[in-house]
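# Observations on the three-dimensional arrangement
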Amino acid sequence: MSQRHEPNLSDRIRYRRKQLREVLPSSDRGVPYLFLSPFFVLFSVFLAFPIFYTLYLSFFRFEGVSNSTILWIETAIFDYRLVGISDLTFVGLDNYLRLLSDSLFHQAMYNTVFILLVQVPIMVGLALALALALNASFVRFRGVFRTIIALPVSANLVAYATVFLVLFQETGLINYALGLVGIGPIPWLQDAFWSRFTIVSAVTWRWTGYNMIILLAGLQNVPKHLYEAAEIDGATRFEKFRYVTLPQLRPVLLFVVVTSTIGTFKLFAEPVTISQGGAPLESTITIVQYIYQTAFIDFRLGYASALTYVLIAIVSTLSLIQIRLGGTSDA
Amino acid sequence: MHETTRRSGVWKFVTYAFILLMAVVTIVPLYWVLVASTLPEEVFLSSTSLPLFPGDAFFENFRALQARESVNFIRSIGNSVLIASVYTLLSVLLCSMAGFAFAKYEFRFKEPIFYTILATLVLPIQLLVIPLFLLMSQLGLMNSYWAIILPWAANPVGIFLMRQNMKSVPDTLLESARMDGATEFQVFYKVVLPTLKSALAALATILFLFQWNLFLFPLVVLESDKYTIPVAINQLVGAQRVYYDQIMVAAGLSIIPIFLLFLFLQQYFVKGIIGGSIKE
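Computed from a predicted structure; not experimentally measured.

A tally of helices and strands in chain B yields 14 helices and zero strands. Reading the secondary structure of chain B in the N-to-C direction produces α-α-α-α-α-α-α-α-α-α-α-α-α-α. Here the C-alpha radius of gyration of chain B, 24 Å, is well above what a compact globule of 280 residues would show, namely 19 Å. Sorting the 280 residues of chain B into buried and exposed places 58% on the buried side. About 12,000 Å² of surface is accessible on chain B, with carbon and sulfur atoms providing 67% of the total. Chain B carries 18 positive and 16 negative side-chain charges, and their two centres are separated by 9 Å.

Structure, rendered in structure tokens:
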């Protein structure tokens, strides 16, 4: 792994390289570090440091001066500038213990897991079915269909969520269309259950095409001779899917499931947009929404850091479990 | 034999029907945004009619949107384009330089550093809002474009994608440039970068869309004059009375240009996702 593997390099080049090494001034040994350092500086400051700093903050009570459910975030930021790091009070594991009895956290957790368990299987199933359909050789205009179905991934997150907000209005297009087939107006945004459904359909609309593209790429990498061998053995369409496609596709499917799971735990734009226009916030609140509210509206930054860390722990654990269950070492 | 042909005919029909249905479901909301933005609110929100064709109220709706005091929507489009472009250029540069170092040089701690960077892929890094918020306020970068350009410029997806692609550039090409007296940096931008045009386009597309969609952090650090599109649209929804006609114009204006860009760049985008996710 650490040794570079260069079977194609001719002896001539190897000789030149040796020459070169003798010619190069020793200061050029620092070249890779020069290429790496700008990336690494930003990575350390804005990614690595915050990861540890969040953990640190989660052991403190750290609250802003503004008590603020009423204040707009702009005002809150100005007020924040008055708060110094000295306002930290060490509370040990208090923040984490408080989570155990925080009913709004439990509600947020429930909503997120609910969306995860409903949305991810539906979306991955649809994406897989679409990938299989668009991989079939008899289908014409495959490129066109692929582009159309992948288009939503480029839509601005908040813009598309707003469109769904309007589509699912009491007097909106969806209820109108349902009315045509005799289904009475459904309170998509007013009712907790239905607004979760609205969020699920919005997320599915946006990400199915993206996952389809990844799965399609995976399908195209399945060696053709495996299908030919299966055909010689007299395998049915389903058997070919079950014994050739599925096992070959496993790493890619795993990737799709892991990224979709992480995506569900990061949900923010959709619930914020869709809930603010409808159902009572608590009934659809997601974890990231709760973190946002705790940190930047209630200004309890220490508690919000603990929430963040719990979320990071959950997501990492789930990803690891899924990778382990996926059972492939190369995934 | 006849039986098999008929069954495979049914199969083809089901497949086509499914694809067509999904394509229609995908297109309807997009088409509808366009139509709705040209109609008065009471028409597209009426429960008694099905608006299928564009009307002539677009400019009226647009003027109403522009008259908003709390949000300058055109300015927010400008902000988003500027921020996403600078971010994309900076990030592509940083990621390809670092990817080059990982693909083509040997140095101490190369593997541990690379795998540390890769490990952050699993973390929901958009969640580091609180420490980043504190950091920005310490650095005096609150309400500046840099506050949302810098944090994700060192993008782990980008470095992974670039490293994979740089590996495919033959070493002999690099060696011969060196023999011609090129410096290491010249080797990088005169030899390596030009051979990776499609990978660079893919990465640029992915990064641009990523920044274009960022919502949580911009919402936290920006004030109204610097609002990006997602934050600006969110302000329209959060208001006391929701003006759906203005919202539809705003949504349409923010979705259409990026669709056109996507249609133009989608072949790279597809390659980029595939390259970054699956290979090796």
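Moving on: the confidence of the model for chain B. All names here are of chain B. Per-residue confidence for chain B gives a mean pLDDT of 85, with 92% of residues at or over 70. This stretch, residues 276-280, has a pLDDT under 50; its non-local contacts, to residues over four places away or in other chains, come to 14 contacts. Across the interfaces of the predicted complex, the ipTM metric reaches 0.85, alongside a pTM of 0.84.

The next thing to look at is the side chain of B:N234. Note on placement: B:N234 falls in helix 13 (residues 229-238). The buried category is assigned to B:N234, whose relative accessible area is 8%. In this structure B:N234 touches A:V158, A:V272, A:T273, A:Q276, B:F215 and B:L219, once residues within four positions along its chain are discounted.

Before going further, it helps to spend a moment on the packing of helix 7 (residues 157-167) of chain A against helix 9 (residues 192-220) of chain A. Residues and elements named next belong to chain A. Relative to each other, helix 7 and helix 9 sit at 130°, their axes nearing to 10 Å. It follows that helix 7 is oblique to helix 9 by the angle criterion. Both helix 7 and helix 9 take part in a crossing whose hand is right-handed. Only S201, A202, V203, W205 and R206 of helix 9 make contact with helix 7, whose side of the interface consists of L157, Y160 and F164. Its residues placed into classes, the contact of helix 7 with helix 9 shows six nonpolar, one polar and one charged.

Moving on to the pattern of salt bridges. Residues and elements named next belong to chain B. If you walk through the whole model with that rule in mind, you get six salt bridges over all chains. The partner of K104 in a salt bridge is D171, with the nearest N and O atoms 2.9 Å apart. Separated by 67 residues along the polypeptide, K104 in helix 4 (residues 73-104) and D171 in helix 9 (residues 171-179) bring together distant segments of the chain. Given a relative accessible area of 14%, D171 falls into the buried group. One network of salt bridges, in which partners are shared, links E175, R178 and E184.

Let us now look at the interface of chain B and chain A. Interface size is often expressed as the accessible area that is lost when the parts come together. Listed as interface residues are 111 residues of chain B and, on the opposing side, 106 residues of chain A. Summing both sides of the interface, chain B and chain A together bury roughly 10,000 Å²; the carbon and sulfur share of this comes to 79%. Per-residue buried area on chain B facing chain A is highest for B:I19, B:L127 and B:I130; these three make up 7% of the total on that side. Applying the counting criterion to the chain B and chain A interface returns zero salt bridges. At the junction of chain B and chain A, the tally comes to eight residue pairs in polar contact (both at pLDDT 80 or more). Considering every element that reaches the side of chain B that touches chain A, the biggest residue donor is helix 1 (residues 2-37) of chain B, with 18 residues. Classifying every residue of the side of chain B that touches chain A gives 80 nonpolar, 21 polar and 10 charged.

In this structure, A:F141 is a non-glycine residue whose phi angle is positive, near 55°. Here A:F141 is to be found in the loop between helix 5 (103-135) and helix 6 (142-150). For A:F141, a relative accessible area of 58% corresponds to the exposed category. Phi at B:F109 is positive, roughly 60°, even though this residue is not glycine. Tracing the backbone through its elements, the reader meets B:F109 in the loop between helix 4 and helix 5 (110-119). Looking at B:F109, the relative accessible area reads 54%, which means it is exposed.

Conventions we followed
- Residues numbered from 1 in each chain as written.
- Chains lettered and ligands numbered in written order.
- Predicted model: local features only at pLDDT ≥ 70, side-chain atom pairs only at ≥ 80, totals over all residues.
- Heavy atoms only, no water.
- Helix = DSSP H or I, 4+ residues; strand = E, 2+ residues; numbered from the N terminus.
- Rg over C-alpha atoms; globule rule 2.2 N^0.38 Å.
- Buried < 20%, exposed > 50% of the residue type's maximum accessible area, 1.4 Å probe, protein only.
- Areas by Shrake-Rupley, 256 points an atom, 1.4 Å probe, with all protein chains shown as cover.
- Lys, Arg positive; Asp, Glu negative; His and termini not counted.
- Charge placed at Lys NZ, Arg CZ, Asp CG, Glu CD.
- pLDDT = per-residue confidence, 0-100.
- Contact = heavy atoms within 4.5 Å.
- Axes fitted to C-alpha atoms, helices over the stretch in contact; angles between N-to-C directions.
- Parallel < 35°, antiparallel > 145°, perpendicular 65-115°, else oblique.
- Left-handed = near helix turned anticlockwise from the far one by under 90°.
- Nonpolar A, V, L, I, M, F, W, Y, C, P; charged D, E, K, R; others polar.
- Salt bridge = Lys/Arg side-chain N within 4 Å of Asp/Glu carboxyl O.
- Buried area = accessible area lost by both parts, 1.4 Å probe.
- Polar contact = N/O pair within 3.5 Å; in protein donor to acceptor, adjacent residues only side chain to side chain.

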